[in-house]
Amino acid sequence: MRASTVVPFGPQHPVLIEPLQLKLVVEDEKVVDVVPALGYGHRGLEKGAELNDIVRNIFMAERVCGICSFIHSWCYCACIEELLGIQSPPRAEFIRLISAELTRLHSHLLFLGLLADGFGFESLFMQFWRIRERVLDLMEAISGGRVIMGNCAIGGVRKDIDQDMARAIVKEVGEIGRDLRPPIKAILEDYTVKQRTVGKGILTKEEAVKFGAVGPVARASGLRTDVRLLGEGPYGEVDFSVVVEDGCDAYARTAVHAREVFVSLDLIRQAVGKLPSGEIRTKWKGRVRGEVIKRMEQPRGEMMYYVRGNGNRTLERFKVRTPTFANLPPLLKMLPGCELADVPVIVISIDPCIACTER
Amino acid sequence: MPGMLGQVLRNLFSRPVTRNYPAEPKTPFRAARGTLMLDIDKCIVCGACEKACPAGAIEVKPKEHLYKYDPYSCIVCGNCVEACPTHCFDITSEWRKPVEKMETMVWEVTRSKERARRTS
């Protein structure tokens, strides 16, 4: 019988930008078991949201995650709008779509850069992050915030996109798409990248269903799942295709992220072209009563919000199920059997976001 | 790696994308939420901004005639700008300068139309 050793991976580790600990049980260089340890980043946001009033909670919801922040505030506002029985104007819905897709774009570029950095391809990491900076500039020009946009409000959005800005968005999106082709070609076709990702961290289609994988992790295992496909809100009025790969490995997950970047760019272009005229905010009054569940597609996968109000100034219950929370069980399935040196790449390949998992 | 060679050569012979800060500061975007400015003379001490602030950066004490604003807790979300009935607030696109000592701003205010006085 071989002697096994427990190697702690994290909470501080060069490839992890957030505190996640995985206790790896290894035999020689092979990982045989994984025990996760969570809770380093718990902030009690759900309880905090029950103490605040419903408007202040928009800013609380936006800070659940530092990367996919806008979609959190959108989902929260959509929940409150449903409880209040109001509808945000079509123009506001399209501005929300543009903001959400910009968030997805910068999140995916962050992922691709971090993945390249994870296996030591730092030049590629710099290329992706240089382009990501332009997306952040676009977000700041639209809303005033580089990452935390603060643009969503109950009943619509707080800042409009004028014609000059719309033209600037289309121009910049076109240039970003053109400049992204060489680094994306590199990450998808490079020999070194393929050596580090192909066949690593296998999650079959059956396992993805069994362990409840969501988002790019599920789509890389051949599952055609995307909440945007339900066509809720403005997503019903734009054309887009869902990226699905059959590789089931870290390379397939990278490819899904890389190809989704172009889908987001196309969605932004379409939304700016179809931007309806009119108001950007519906007036509302009153307090929330009743309960609602909403799902939305984050860059990392499906997210669920549960909001319950009992007619008071504050909410009675606020619950968030984030995509990384659903993708952790599949990660624990991927790791046993891999080499110790492949653990960082496999962990990054699910695009973990620990801050929003622990809230 | 050979796929990146063209890009690497272009980078080698092109100007750096980083800015020569602080000699060349960034021009802020028009919509950028930089610093919250407060015109205390317009304040009627209603406390709407205190209720609206998600960060708890504003404290209004009508009985003690005090108005406190902590710019270092402020997240410049603009919620107080929307809540204020007399439009006391404005957000400029310039970011706040770094300081040596973080101090809460305190004003002495009254409900009457007397001019408010900054006490610290």
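Residues numbered from 1 in each chain as written. Chains lettered and ligands numbered in written order. Predicted model: local features only at pLDDT ≥ 70, side-chain atom pairs only at ≥ 80, totals over all residues.

Trainee: Hey, could you run me through the overall build of chain B in this one?
Mentor: Each helix and strand counted, chain B has 3 helices and 6 strands in total. Along chain B, from the amino end to the carboxyl end, the secondary structure elements read α-β-α-β-β-α-β-β-β. Counting only residues that meet the buried cut, chain B has 16% of its 120 residues in that class. Taking as baseline every contact in chain B between residues at least 6 positions apart, the subset at least 24 positions apart corresponds to 67%. (Helix = DSSP H or I, 4+ residues; strand = E, 2+ residues; numbered from the N terminus. Buried ≥ 20, exposed ≤ 12 C-beta atoms within 10 Å, placed from the backbone. Contact = placed C-beta atoms within 7 Å.)

Trainee: Looking at this model, I keep getting lost on the packing of helix α4 (residues 90-118) of chain A against helix α5 (residues 122-143) of chain A. Mind explaining?
Mentor: Residues and elements named next belong to chain A. For the pair α4 and α5, the least separation of the axes is 8 Å and the interaxial angle reads 160 degrees. Relative to α5, α4 is oriented roughly antiparallel. The chirality of how α4 crosses α5 is left-handed. Looking at the contact of α4 with α5 residue by residue, the class counts come to 16 nonpolar, 4 polar and 3 charged. (Axes fitted to C-alpha atoms, helices over the stretch in contact; angles between N-to-C directions. Parallel < 35°, antiparallel > 145°, perpendicular 65-115°, else oblique. Left-handed = near helix turned anticlockwise from the far one by under 90°. Nonpolar A, V, L, I, M, F, W, Y, C, P; charged D, E, K, R; others polar.)

Trainee: Explanation requested: the confidence of the model for chain B in the structure shown.
Mentor: Low pLDDT marks regions whose predicted coordinates should not be analysed in detail. The pLDDT averaged across chain B works out to 82; a share of 89% of its residues lies at or above 70. Averaged pLDDT values for the elements of chain B fall to 54 in strand β6 (residues 117-118) of chain B and rise to 89 in helix α3 (residues 79-83) of chain B. (pLDDT = per-residue confidence, 0-100.)

Trainee: Teacher, can you tell me more about the pairing of strand β2 (residues 58-61) of chain B here?
Mentor: Remark: a regular strand shows side chains that alternate across the two faces of the sheet. Pairing of β2(B) with strand β3 (residues 66-69) of chain B, which is carried by 4 bridges, proceeds in the antiparallel orientation. By the bridge assignment for β3(B), B:I58 is matched with B:Y69. (Pairing = 2+ DSSP bridges.)

Trainee: Any chance you could explain the sheet that holds strand β1 (residues 5-9) of chain A here in plain terms?
Mentor: Strand pairing in a sheet relies on backbone hydrogen bonds. The paired strands run either parallel or antiparallel. All names here are of chain A. Here we have 3 strands laid out as an open sheet, ordered β1-β2-β3, and antiparallel in their pairing. The strands lining the two open edges of the sheet, one partner per strand, are β1 and β3 (30-37). Here the strands of the sheet are splayed against their neighbours by 25 degrees on average, with no regard to which way each runs. Strand direction decides the pairing type here: strand β2 (residues 21-27) and β3, joined by 7 bridges, are antiparallel. In the strand pairing of β3, E27 is matched with K30.

Trainee: Honestly, the interface of chain B and chain A in this entry has me stumped. Any pointers?
Mentor: Think of interface size as the accessible area that goes away when the parts come together; that is how it is often given. Across the contact, 16 residues belong to chain B and 23 residues belong to chain A. Tallied by class, residues from the side of chain B that touches chain A come to 11 nonpolar, 4 polar and 1 charged.

Trainee: Help me understand helix α6 (residues 163-189) of chain A in this model?
Mentor: All names here are of chain A. With 27 residues, α6 should cover 39 Å at 1.5 Å per step; its first-to-last C-alpha distance of 39 Å lies within 8% of that length. Listed in full, the buried residues belonging to α6 are I169, V173, L180, P183, I184, A186 and I187. Lining the buried residues of α6 we find α4, α5, α7 (191-197) and α10 (250-273). (Expected span 1.5 Å × (residues − 1).)

Trainee: Could you clarify how one ought to interpret the sheet that holds strand β7 (residues 301-310) of chain A in this entry?
Mentor: Residue and element names in this part refer to chain A. If you walk across this open sheet you meet the 3 strands as β6-β7-β8, and the pairing is antiparallel. With one partner strand each, in any of the chains shown, β6 (289-298) and β8 (317-321) form the two edges of the open sheet. Each strand of the sheet is rotated relative to its neighbour by a mean of 10 degrees, with strand direction disregarded. In terms of strand pairing, β7 meets β8 through 5 bridges, oriented antiparallel. In the sheet register, M304 faces β8, and the bridge partner there is R321. Sitting on the sheet, helix α11 (residues 323-334) is in contact with β6, β7 and β8, with an inclination near 130 degrees to β7.

Trainee: Help me understand the nonpolar core in this model?
Mentor: Residues and elements named next belong to chain A. Counting 125 residues, the largest nonpolar core has W74, C75, C77 and I80 as the members making the most contacts within it. Considering every element that reaches this core, the biggest residue donor is α4, with 13 residues. With residues up to four places along the chain from it excluded, the contact list for I80 reads I54, I154, V288 and V307. (Core = buried A, V, L, I, M, F, W, Y, C linked by C-beta atoms within 7 Å.)

Trainee: Would you explain the packing of α5(A) against α6(A) in this entry?
Mentor: Each pair of packed helices can be summarised by the angle the axes make with each other and by the distance between the axes. Residue and element names in this part refer to chain A. Axis separation between α5 and α6 bottoms out at 10 Å; the angle between their running directions is 165 degrees. On the basis of their axis angle, the class for α5 and α6 is roughly antiparallel. Considering the relative orientation of α5 and α6, their crossing is left-handed. Contact residues: α5 offers L124, Q127, F128, I131, R134, V135, L138, A141 and I142, while α6 offers M165, I169, E172, I176, D179, L180, P183, A186 and I187. For the contact of α5 with α6, a count of residues per class yields 14 nonpolar, 1 polar and 3 charged.

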